[in-house]
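# Secondary and tertiary structure notes
Listed below are the residues making up each chain.
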Amino acid sequence: MKRRFFSLRWQLQLINILLITIPILILGSVMYYASQKAIYAFIRKELTNQALLVKKHIETGMKISQKKLSSDLRIAREKFYAAGTPRLDHQTLITMNVTNQKTQKERAIMLPVMKIGDTSLMNSAEIVDEIQQLVGGTVTIFQIFPQGALRVSTNVLQAD
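Residues numbered from 1 in each chain as written. Predicted model: local features only at pLDDT ≥ 70, side-chain atom pairs only at ≥ 80, totals over all residues. Heavy atoms only, no water.

## A look at the sheet that holds strand 2 (residues 106-116)
- Spatially, the three strands line up as an open sheet ordered 1-2-3, and their pairing is antiparallel. The strands lining the two open edges of the sheet, one partner per strand, are strand 1 (86-99) and strand 3 (119-120). (Pairing = 2+ DSSP bridges. Helix = DSSP H or I, 4+ residues; strand = E, 2+ residues; numbered from the N terminus.)

## Points about the layout of surface pockets
- If you add up the space inside the largest pocket, you get close to 470 Å³.
- Lining the largest pocket are 18 residues, with Val98, Thr99, Gln101, Ala149 and Leu150 positioned closest to its centre.
- Mapped by element, the contributors of at least two residues to the lining of the largest pocket are strand 1, strand 2, strand 4 (140-145) and strand 5 (148-154).
- The volume enclosed by the second largest pocket comes to roughly 230 Å³.
- Along its surface, the second largest pocket is lined by Leu73, Ala76, Arg77, Phe80, Tyr81, Met114, Ile131, Val139, Thr140, Ile141 and Phe142.
- Those elements giving two or more residues to the lining of the second largest pocket turn out to be helix 1 (8-82) and strand 4.
- Looking at which element gives the most residues to the lining of the second largest pocket, the answer is helix 1, with five residues.
- Among the residues making up the lining of the second largest pocket, the classes are represented as nine nonpolar, one polar and one charged. (1 Å grid on protein atoms, 1.4 Å probe; cavity = no way out; pocket = protein on both sides within 12 Å on 5 of 7 lines; lining within 4 Å. Points joined across faces, edges and corners; volume = space filled by probe spheres on them. Nonpolar A, V, L, I, M, F, W, Y, C, P; charged D, E, K, R; others polar.)

Below, the structure is given as structure tokens:
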């Protein structure tokens, strides 16, 4: 009698194994891809919700900051003009070395002194310090001239 490579028993067991394994592999693959799709959809939804929450927090923070800024500017304006009406004293000219903030080139200019009443604002921190005490932060008064704006009074601290 010839010996078969696989006996009938082994052939039946192999068929049973294939009949069980193939559907399990197919079902497992289908479930894996369905689960993956569901997980990605869930993550996308949650990330969208988180992004919307962050956006709302930022918008709320911006609204609160804008209200505070508007209030602070109103207080600063009232305090500034309470000291008197600002004016340029064209009789008193000063020479200043100014630096162009874009090009970093320095040059000398002559400007009339900005005053409130008889008090020069040039390098005077009295008004800016009073405003700072009321609203916090830092305060700067600029004098506009044809080539730009010059900081004449501030309480901004610099390293030097």
